[in-house]
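# Structure at a glance
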Amino acid sequence: MPPFHLAFPVRDLNETRTFYGEVLGCRIGRSSDTWVDFDLYGHQMSAHLRPGTALAQRDGAVDGVVVPIPHFGAVLPMDEWEKLAARLDARDDIDWLERPMVRFKGQPGEQATLFIRDPSGNALEFKGFHSLEQVFAH
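## A closer look at the pattern of salt bridges
- The final tally for this structure, using the stated rule, is seven salt bridges.
- Salt-bridge contacts for arginine 103 lead to glutamate 125; the nearest nitrogen and oxygen are separated by 3.1 Å. Placement of the pair is arginine 103 in strand 8 (residues 95-103) and glutamate 125 in strand 10 (residues 123-129), with a sequence separation of 22 residues.
- In this structure glutamate 125 comes out as buried when scored by relative accessible area, which is 7%.

Written out as structure tokens, the structure reads:
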């Protein structure tokens, strides 16, 4: 499957490099004084310097949980999601919006999920599935 590309605003490129590179483990790609590319599970994420970036609002609802809109992230096989969740949970500097949980338990599309904020306030969701064939199940 081809990767997608997402450009998103950040307030500081150095703290963004640290968060995406060290905390999330993204490979860092090309960069300039105003942007930096990251490899987020094979997808090209371009962080662009925008000092006045606003926080995503918690105004969406999924399976009874209020979630921030907008948000972005990745859909992962469950073993990869569990590794990421454990890595984040072991840190004391994560801005948790929703700690690891299971959504739609026992239903088609059951998924593990977690929400965090990056240092610029961008909301990220990471989903884990036992079978990626369940991503669009209904």
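## Here we look at the sheet that holds strand 1 (residues 5-10)
- Read from one edge of the open sheet, four strands run 1-4-3-2, paired in mixed fashion. Of all the strands in the sheet, the pair left with one neighbour each is strand 1 and strand 2 (27-31). Between one strand and the next, the sheet's axes are offset by a mean angle of 25 degrees, whatever the strand orientation.
- Where strand 3 (residues 35-40) lies against strand 4 (residues 43-49), six bridges are found, and the strand directions are antiparallel. Across the sheet, leucine 40 pairs through a bridge with histidine 43, a residue of strand 4.

The rules we used
Residues numbered from 1 in each chain as written. Predicted model: local features only at pLDDT ≥ 70, side-chain atom pairs only at ≥ 80, totals over all residues. Heavy atoms only, no water. Salt bridge = Lys/Arg side-chain N within 4 Å of Asp/Glu carboxyl O. Helix = DSSP H or I, 4+ residues; strand = E, 2+ residues; numbered from the N terminus. Buried < 20%, exposed > 50% of the residue type's maximum accessible area, 1.4 Å probe, protein only. Pairing = 2+ DSSP bridges. Axes fitted to C-alpha atoms, helices over the stretch in contact; angles between N-to-C directions.

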